[in-house]
Every structure is written in C-alpha cells, then in structure tokens.
Amino acid sequence: MPRALITGITGQDGSYLAEFLLGKGYQVFGLIRRSSTVTDIRIRHLRDRITLLEGDLLDQPSLIAAVGRAEPDEVYNLAAQSFVPTSWVQPALTGEYTALGVTRVLEAVRFARAPIRFYQASSSEMFGKVQEVPQTEQTPFYPRSPYGIAKVYGHWITVNYRESYGLFACSGILFNHTSPRQGLEFITRKLSNAAARIKLGRQQYVQLGNLDARRDMGYTLDYVHAMWLMLQQPKPDDYVIATGETHSIAEIAEQAFLNVGIENWRDYVRIDPSLLRPAEVDLLVGNPAKARERLGWKPEVDFRGLVKLMVKSDLALEERNLD
C-alpha cells in the first residue's frame with residue numbers, strides 16, 4: 001500500500017487530495033498544527049481513515065519527525081499562507097510559511113534519505129504582471145504581491161533541490177481553482193455564497209473590488225488529480241495546470257446570479273475600494289498543453305458547470321441553515 005504525507009490537509013486542496021488518494025488505495029498521513037481547536041471541518045468525514053501528525057512549517061524538527069513517522073512514498077506540500085490580501089498585512093509571516101516553509105519540508109525529505117517523491121504547490125500568482133499570454137512553464141515570473149513572491153521562492157527552491165540533490169521534486173503551477181470547500185474570502189466562493197444568500201433574502205448585496213480582473217478558473221478536484229499524475233511520471237518536472245480560458249470577476253458574478261434566477265446582478269454589487277489590491281494582477285490565463293500531452297490531463301468541469309456546482313452547493317447549505 002503506497003503511503004502519502006500531505007501538509008495543509010485541512011485546506012480545500014488537501015481535503016480533496018486526501019479523498020482522491022484514499023480512493024487510489026493509499027495510506028494517508030496529514031500534517032496539522034497543534035492548537036486548542038482543530039479546524040478539521042473539511043476532513044472530518046475522513047478522520048477514521050487518515051492519520052494526523054502534529055507539525056509546523058516553521059519548525060524543522062517537527063517536519064523531520066513527521067516524515068520519519070509517516071515513511072511516505074509521496075509528500076504533497078500544500079500548506080501555506082494562501083490568501084493574497086493577507087500577504088500585504090503579514091508579509092513576513094507569509095514568507096516564513098509560503099517560502100521558507102518549502103525549504104524546511106524539502107530538508108525533511110532530504111534528511112529521510114529515501115526515494116520520496118515530492119510535490120510543491122506553485123501558483124499562477126507567480127506570473128503577476130504577465131510577460132506573455134497565455135502563460136506557460138517558460139514564461140518569466142513577475143509577482144505582484146508578497147504571496148506571489150513567496151511562491152516564486154518556493155518554486156525555485158524545489159527546482160534547486162531537484163537539480164542539486166537528485167530529488168524527485170515537481171512543482172504544479174496551478175491557476176485559480178475553487179470548490180464548495182473553498183473559504184468565503186475567495187472570490188468565486190464569495191460570489192456563489194452571496195448569490196445564494198441574496199436569493200433567500202438573507203443578504204442585501206455583496207462587496208467587491210476590481211470587476212475587470214480576469215482569471216483562469218477550474219475545479220479543485222480536477223486539479224488534485226493533476227498533482228498525483230505529476231508524481232507518477234518517470235522523471236520529475238514542472239507543469240502549468242489550467243483550463244486555458246479566462247473570465248472576469250464580472251462574468252463570474254453574472255453567472256452566479258443567473259444560477260439563482262437574478263439577471264440584474266449589478267443591482268446587488270457594491271464596489272469597496274479597500275478590496276482593491278495595491279498592485280493588481282489584471283490577467284491570468286494558462287496554457288496546459290504540456291500537462292495534456294505528458295500527463296494525459298484535462299479539466300472535466302467547465303466554467304459554467306463550475307459556477308453552477310458552486311451556487312447549487314451554497315443554496316443547499318444556506319437552506320439547511322434556515323431549518
């Protein structure tokens with residue numbers, strides 16, 4: 001039975017990845033930080049099927065101990081401070097977790113002296129002020145936030161350990177992806193939840209920032225499949241994971257409200273200047289040709305299907321909360 005260790009297992013990506021790997025017959029270990037209350041809502045239904053280990057990306061000995069106990073065949077590093085706006089408020093902490101934390105996990109893998117395959121969660125935010133459209137694995141990085149900068153470090157330190165120590169280390173440059181398990185602070189989930197609540201009369205409007213920003217948006221379950229595929233290849237490499245389509249925040253809002261029968265969606269939107277980024281990322285769209293050709297990967301859920309799935313889930317959630 002193959003064994004996998006997931007950092008960030010309590011997050012959106014981590015919970016879906018844990019489910020996916022269990023379905024593949026893996027023994028799954030997850031790294032969690034010690035706290036008085038465990039935020040395990042996304043993995044509560046899996047608790048009797050996974051093993052949780054205490055550790056922290058700021059604490060090297062705890063990572064070495066976790067890898068030693070799990071004895072994994074694969075390590076998926078999904079843990080990070082992952083909310084872009086927070087990275088301006090806490091830039092140093094973002095760097096510690098999202099940049100240097102990657103080094104500490106890689107060191108724990110290297111210390112194990114075992115043939116462990118390593119996956120690093122890179123991000124389309126590394127492209128920032130894009131140097132070409134669409135973005136590929138060869139597109140130069142130009143990050144526009146402390147989060148994006150930290151992700152660039154994490155990406156390149158993974159490449160460095162692969163080339164310096166011969167580790168099987170891959171980075172997935174994942175473009176925006178969402179699901180009903182994403183936090184309410186992220187734009188697609190914020191809009192699907194707002195549309196549901198407004199439809200049910202529980203909210204009057206939603207506050208947004210830049211409606212013209214465009215993103216390449218996919219379904220999280222499709223994207224965790226790509227993570228696994230990367231570690232099944234004969235040689236390690238880096239891959240852009242994206243849909244190849246781009247949609248504005250306005251388009252996402254329109255589709256969300258249409259799914260609850262509201263056509264005049266702008267009547268329910270308020271622009272809040274505090275939600276505008278200090279340095280905006282205007283356009284992100286990835287070219288997944290390499291992943292399609294080498295991994296045999298393609299997204300199964302399209303844009304409209306994704307928004308419909310999100311709104312349906314949030315409507316059901318809000319209706320349950322009315323009971």
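Before reading further, recall that the structure is shown in the block above.
Described in the following lines is the structure provided in the data block. (Residues numbered from 1 in each chain as written. Predicted model: local features only at pLDDT ≥ 70, side-chain atom pairs only at ≥ 80, totals over all residues. Heavy atoms only, no water.)

Let's talk about the overall build of the protein
Here is the rule we go by: Only DSSP runs of H or I covering at least 4 residues are called helices, and only runs of E covering at least 2 are called strands; the numbering of each starts at the N terminus. The size measure is the radius of gyration over C-alpha atoms, and the globule rule it meets is 2.2 Å times the number of residues to the 0.38 power. For this analysis, residues touch if any pair of their heavy atoms sits within 4.5 Å. Working definition of accessibility: Shrake-Rupley area with a 1.4 Å probe, residue cover restricted to the visible protein chains. Positive: Lys, Arg. Negative: Asp, Glu. His and the chain ends are not part of the count. Throughout, a charge is located at the NZ atom of Lys, the CZ atom of Arg, the CG atom of Asp or the CD atom of Glu.
Within the protein, the regular secondary structure consists of 10 helices and 13 strands. For 323 residues, the compact-globule estimate of 2.2 N^0.38 gives 20 Å, and the C-alpha radius of gyration of the protein, at 19 Å, lies within 12% of that figure. The principal-axis extent of the C-alpha atoms belonging to the protein is close to 60 × 45 × 40 Å. Long-range pairs, those at least 24 residues apart, make up 78% of the contacts in the protein with a sequence separation of at least 6. Carbon and sulfur atoms make up 49% of the accessible area of the protein, which totals about 14,600 Å². The protein carries 37 positive and 37 negative side-chain charges, and their two centres are separated by 2 Å.

A few points about empty space enclosed by the protein
Stated precisely, the cut-off is as follows: In this analysis a 1.4 Å probe is tested at points of a 1 Å grid over the protein atoms alone, and where it fits but cannot get out there is a cavity; an open set with protein on both sides within 12 Å along at least five of seven lines is a pocket; lining residues have an atom within 4 Å of a point. Grid points are joined across faces, edges and corners, and a volume is the space filled by probe spheres set on the points. Here the nonpolar group is Ala, Val, Leu, Ile, Met, Phe, Trp, Tyr, Cys and Pro; Asp, Glu, Lys and Arg are the charged ones; every other residue, Gly included, is treated as polar.
The tally for this structure, following the rule as stated, stands at 1 cavity of 30 Å³ or more. Roughly 50 Å³ of internal volume is contained in the largest cavity. When contributions to the lining of the largest cavity are tallied by element, the ones reaching two or more residues are β1 (3-7), α2 (60-70) and α4 (91-112). When residues of the lining of the largest cavity are assigned to their parent elements, the largest contribution, 3 residues, is made by α2. Here the lining of the largest cavity is built from residues that sort into 8 nonpolar, 1 polar and no charged.

Some thoughts on the side chain of Q12
To keep things clear, this is the line we draw: Any residue under 20% of the maximum accessible area for its type is buried, any over 50% is exposed, and the rest in between are partly exposed; the area is computed with a 1.4 Å probe on protein chains only. Two N or O atoms count as a polar contact when they lie within 3.5 Å, although within protein this holds only if one can serve as hydrogen donor and the other as acceptor, and sequence-adjacent residues are included solely when both atoms are side-chain atoms.
Mapped onto the elements, Q12 comes out in helix α1 (residues 12-23). We classify Q12 as buried; its relative accessible area is 10%. At 2.9 Å, the side chain of Q12 and the side chain of T220 are in polar contact. Excluding residues that lie within four positions of it along the chain, Q12 makes contacts with R42, H177, T178, S179, R181, Q182 and T220.

Overview of the pairing of strand β2 (residues 27-32)
Cut-off, in case you're wondering: One requirement defines pairing of two strands: DSSP has to find at least two bridges between them. When the strands point away from the viewer and the connection leading from the first strand across the helix to the second strand turns clockwise, the crossover is called right-handed.
Among the 6 residues of β2, 5 are classified as buried, and the element is accordingly described as predominantly covered. Of the pairings in the sheet, the one linking β1 to β2 comprises 5 bridges and is parallel in character. Opposite L5, over in β2, you have F29 as the bridge partner. Each parallel crossover has a hand, and for β1 linked through α1 to β2 it is right-handed. Pairing of β2 with strand β3 (residues 50-54) involves 5 bridges; the strand directions are parallel. Bridge assignment links L31 to a residue of β3, and that residue is L53.

Considering the packing of aromatic side chains
Definition in use: For Phe, Tyr and Trp, rings pair up if their centres lie within 6.5 Å, where Trp contributes its six-membered ring, and each pair is then called stacked (planes under 30 degrees apart), edge-to-face (over 60) or tilted (otherwise). Either the NZ atom of lysine or the CZ atom of arginine qualifies as a charge over a ring when it sits within 6 Å of the ring centre and within 35 degrees of the ring normal.
Using the criterion set out here, one finds 9 aromatic pairs in the structure. Geometrically, the ring pair formed by F127 and F141 is tilted, given 5.4 Å between the ring centres and 50° between the ring planes. Linking F127 in the loop between β5 (117-123) and α5 (146-165) with F141 in the loop between β5 and α5, this pair joins segments that are 14 residues apart in sequence. The class of F127 is buried, set by a relative accessible area of 0%. An aromatic cluster is defined as three or more aromatic residues linked by ring pairs; in this entry it consists of F127, F141, W156 and F175. The aromatic ring of Y239 is capped on one face by K290, whose charged end is 5.1 Å from the ring centroid.

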